[in-house]
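Chain by chain, the residues run as shown.
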Amino acid sequence: MSQAPAPVKTAITPTRTDDYPEWYQQVIKAADLAENSPVRGCMVIKPWGYALWENMQRALDRRFKDTGHVNAYFPLFIPLSFLEKEAAHVEGFAKECAVVTHSRLVVGPNGKLIPASPLEEPLIVRPTSETIIGEMYAKWVESYRDLPILINQWANVVRWEMRTRLFLRTAEFLWQEGHTAHATEAEAMEETRKMLGVYADFAENHLAIPVIQGEKTAGERFPGAVNTYCIEAMMQDRKALQAGTSHFLGQNFSKASGIKFLDKDGKQEFAWTTSWGVSTRLIGGVIMAHGDDDGLMLPPKLAPTHVVILPVMHKEETRAKVLEYCQKLRAELRACRYEEQPLEVELDTRDLRGGDKVWQWVKKGVPLIVEVGPRDMDKDCVFWGRRDKGPKNRTATPRSEFVASVAAILADIQTSMLERARAFRTENTKQLDTKEDIYAYFTPKDANKPEIHGGFALAHWSGDSSVEDQLAKDLKVTIRCIPLESNEFPVEPGTCPFTGKPSARRVVLGKSY
């Protein structure tokens, strides 16, 4: 009688299949990315996690400046009256606002500090900055010559979330928010779509995450927007992650804030405005799109370290020579360039067991791990492996050959990760035409402990908002977006399986974060 194969040991427990939400938390812990803070719902982003955000900032900031935008900074506090100016806006954010009501603390009768000096007007801790930025733009704009204004700010925001999860949904998070004002509707719409394209390019070509560009339904729009566009990504549990948004605000906020200008004919007009943003949620997206049961896996364009060198120094008599060899190797690798930048190379000389070091870097997701011991040095070779190929897939290569090919290897890892993620999305995207098939697709076999199921469903929809309400109630499914026309998502009229009414095109259905 043959024995069942022994279970494969993994660095992360539980595995994705066993318990995906807990796997996600354990990857964050193992990679030392972040942890919960003493403040409920807020997180401490640790150095390795913050390095990912810094690299995202650099890549996005370059794209923003290449498209004519400049950076500025606006206050963290927003007067309550500003938020009240746009009715849909205040309604959309009211439940998430943190409010400052006092400005001074004094010692109370029981020796504890108590608020003592009420503010004349409560201040909202910035949930988003349309209203206060609009107030400033109204002061800056008088003529069409003052337009367009193309400003971005890197900041933190607070949305008082009740159920939080590191990176994906926290009470405070880091982001960028672009805010622009234009003389014409066409120019503002062009800006909205342009920035959506910038986000899609960044997600796919930098983070190796394929995304669907689309428009949100009326029920899913940003509060106060005329149109909201988004990029939607599929995570490995087949749920959707909204990875970025770009909003055409029309004249709603300019009328509320009084952003007026004289056009070329001397006629007074209201400006047309946009806003757009991505956040540290993208770090969660990278974890869930690429990580495996051994930990984080980083696309080389994002990785804070491209190559880590681990000297194998078991014997004292060879320690100095191995270390000298590794230092020369690090210098040679640092002289190489990847994506027009010097390689980031780490030489790990910590006094730890070699196996422990290897697994620490595997969990952190570094693209290339190189080991060098006395025998490798004698042969002028390096023993190395690609993070995307698994920890056991390692090989010995002459040092000069490895150095010469390292940039090409990194480029191949970047491409392979995008292709793998795109193949996963394609495999888990179904075109469904009946209500029964849609309900079956999104219903787990085990309701008590739902397995990974579903994915994206491309289905017709007549535009009836009651369908959205029913899907959310029955299946926790939403219309992720109405995809922009492309070869992958052509416009194809049909019939809505929920109402029997005509449908102009298919939409993307999915469960989401």
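The rules we used
- Residues numbered from 1 in each chain as written.
- Predicted model: local features only at pLDDT ≥ 70, side-chain atom pairs only at ≥ 80, totals over all residues.
- Heavy atoms only, no water.
- Helix = DSSP H or I, 4+ residues; strand = E, 2+ residues; numbered from the N terminus.
- Rg over C-alpha atoms; globule rule 2.2 N^0.38 Å.
- Buried < 20%, exposed > 50% of the residue type's maximum accessible area, 1.4 Å probe, protein only.
- Contact = heavy atoms within 4.5 Å.
- Areas by Shrake-Rupley, 256 points an atom, 1.4 Å probe, with all protein chains shown as cover.
- Phe/Tyr/Trp six-rings, centres within 6.5 Å; stacked < 30°, edge-to-face > 60°.
- Lys NZ or Arg CZ within 6 Å of the ring centre and 35° of its normal.
- Disulfide = S-S within 2.5 Å.
- Pairing = 2+ DSSP bridges.
- Axes fitted to C-alpha atoms, helices over the stretch in contact; angles between N-to-C directions.
- Core = buried A, V, L, I, M, F, W, Y, C linked by side-chain atoms within 4.5 Å.
- Expected span 1.5 Å × (residues − 1).
- Parallel < 35°, antiparallel > 145°, perpendicular 65-115°, else oblique.
- Left-handed = near helix turned anticlockwise from the far one by under 90°.

Caption draft 1: Region of the structure containing the overall build of the protein chain. What the protein chain contains, in helices and strands, is 14 helices and 29 strands. In terms of overall dimensions, the protein chain is globule-like: its C-alpha atoms have a radius of gyration of 26 Å, near the 24 Å expected for 513 residues. In the protein chain, which comprises 513 residues, the proportion classed as buried is 50%. Here the contacts in the protein chain between residues at least 6 apart in sequence split such that 70% fall between residues at least 24 apart. As presented, the protein chain carries roughly 24,700 Å² of accessible surface, and 51% of it is formed by carbon and sulfur atoms.

Caption draft 2: The arrangement of the packing of aromatic side chains in detail. What the rule picks out here adds up to 14 aromatic pairs. On the basis of an interplanar angle of 85 degrees and a centroid distance of 5.9 Å, the ring pair of Phe173 and Trp175 is categorised as edge-to-face. Trp175 matches Phe173 in its accessibility class, with the two residues each being buried. Here Tyr441 and Phe442 contribute two aromatic rings whose centre-to-centre distance is 5.0 Å and whose plane-to-plane angle is 70 degrees, an arrangement assigned as edge-to-face. On the basis of relative accessible area, Tyr441 is assigned to the buried category, the value being 16%. A network of ring pairs unites the aromatic residues Trp53, Phe64, Trp154, Tyr199 and Trp276 as a single cluster. Cation over ring: Lys85 sits above Phe82, and NZ or CZ is 4.6 Å from the ring centre.

Caption draft 3: Structural context of the state of the cysteines. A full pass over the atoms with the stated rule returns zero disulfides. Left without a disulfide partner, Cys496 is nearest to the cysteine sulfur of Cys481, which lies 16 Å away. Cys496 sits in the buried class, given a relative accessible area of 1%.

Caption draft 4: Examining the sheet that holds strand 22 (residues 381–386) more closely. Strand order in the open sheet made by the five strands is 20-17-21-22-23, with mixed pairing throughout. Bordering the open sheet on either side are strand 20 (345–347) and strand 23 (394–398), each of which pairs with just one other strand. Strand-to-strand, the axes of this sheet are offset by a mean angle of 25 degrees, without reference to chain direction. Sheet topology note: the strand 17 (residues 307–311)/strand 21 (residues 368–372) ladder contains five bridges and is parallel. Residue pairing in the sheet places Pro311 in a bridge with Val372 of strand 21. Contacting strand 17, strand 21, strand 22 and strand 23, helix 12 (residues 399–427) runs over the sheet at an angle of about 5 degrees to strand 22.

Caption draft 5: Expanded view of the sheet that holds strand 8 (residues 118–125). Spatial strand order, 4-8-5: three strands in an open sheet with antiparallel pairing. Each edge of the open sheet carries a strand with a single partner, namely strand 4 (77–79) and strand 5 (98–102). The sheet shows a mean angle of 40 degrees between the axes of neighbouring strands, direction not considered. Pairing of strand 4 with strand 8, which is carried by three bridges, proceeds in the antiparallel orientation. Following the sheet pairing, Phe77 is matched in strand 8 by Val125.

Caption draft 6: Expanded view of the nonpolar core. One finds Leu33, Met56, Phe167 and Ile287 to be the most contacted residues of the largest nonpolar core, which totals 59 residues. With residues near it in sequence (within four places) discarded, Phe167 still touches Tyr24, Ile28, Leu33, Ala34, Met43, Ile45, Thr280, Arg281, Ile283, Gly284 and Ile287. Counting 29 residues, the second-largest nonpolar core is a separate cluster that includes Leu333, Val345, Leu368 and Ile409.

Caption draft 7: Up close: the environment of Gln327. Looking at where Gln327 falls in the secondary structure, it is placed in helix 9 (residues 316–334). For Gln327 and Asp378, which are 51 residues apart along the polypeptide, the C-alpha to C-alpha distance reads 15 Å.

Caption draft 8: Structural detail: helix 2 (residues 47–66). Between its first and last C-alpha, helix 2 extends 28 Å over 20 residues, near the 28 Å set by a 1.5 Å rise per residue. Within the span of helix 2, buried status applies to Trp48, Gly49, Ala51, Leu52, Trp53, Asn55, Met56, Ala59, Leu60, Asp61, Arg63 and Phe64. Once helix 2 finishes, Gly68 follows within two positions and takes phi at roughly 95 degrees, a positive value.

Caption draft 9: Expanded view of unusual backbone geometry. The linkage connecting Thr13 with the following residue, Pro14, adopts the cis geometry, with an omega of 0 degrees. You can see Pro14 is positioned in the segment before helix 1 (20–30). The residue after Leu147, namely Pro148, is reached through a cis peptide bond having omega 0 degrees. Tracing the backbone through its elements, the reader meets Pro148 in the loop between helix 5 (130–140) and strand 9 (149–158). Of note in this structure, Phe167 is not a glycine but carries a positive phi near 70 degrees. When you line up the elements, Phe167 lands in the loop between strand 9 and strand 10 (172–182). A positive phi angle is found at Ala208, which is not glycine, with a value near 60 degrees. A relative accessible area of 0% places Ala208 in the buried class.

Caption draft 10: Here's a closer look at the packing of helix 9 against helix 12. Their axes nearest at 10 Å, the elements helix 9 and helix 12 cross at an angle of 30 degrees. Relative to helix 12, the element helix 9 is oriented roughly parallel. Handedness of the helix 9/helix 12 crossing: right-handed. The segment helix 9 lies against helix 12, with Tyr325, Leu329, Glu332 and Leu333 engaging Arg399, Phe402, Val403 and Val406.

Without other data, these values stay purely geometric and don't point to any function.
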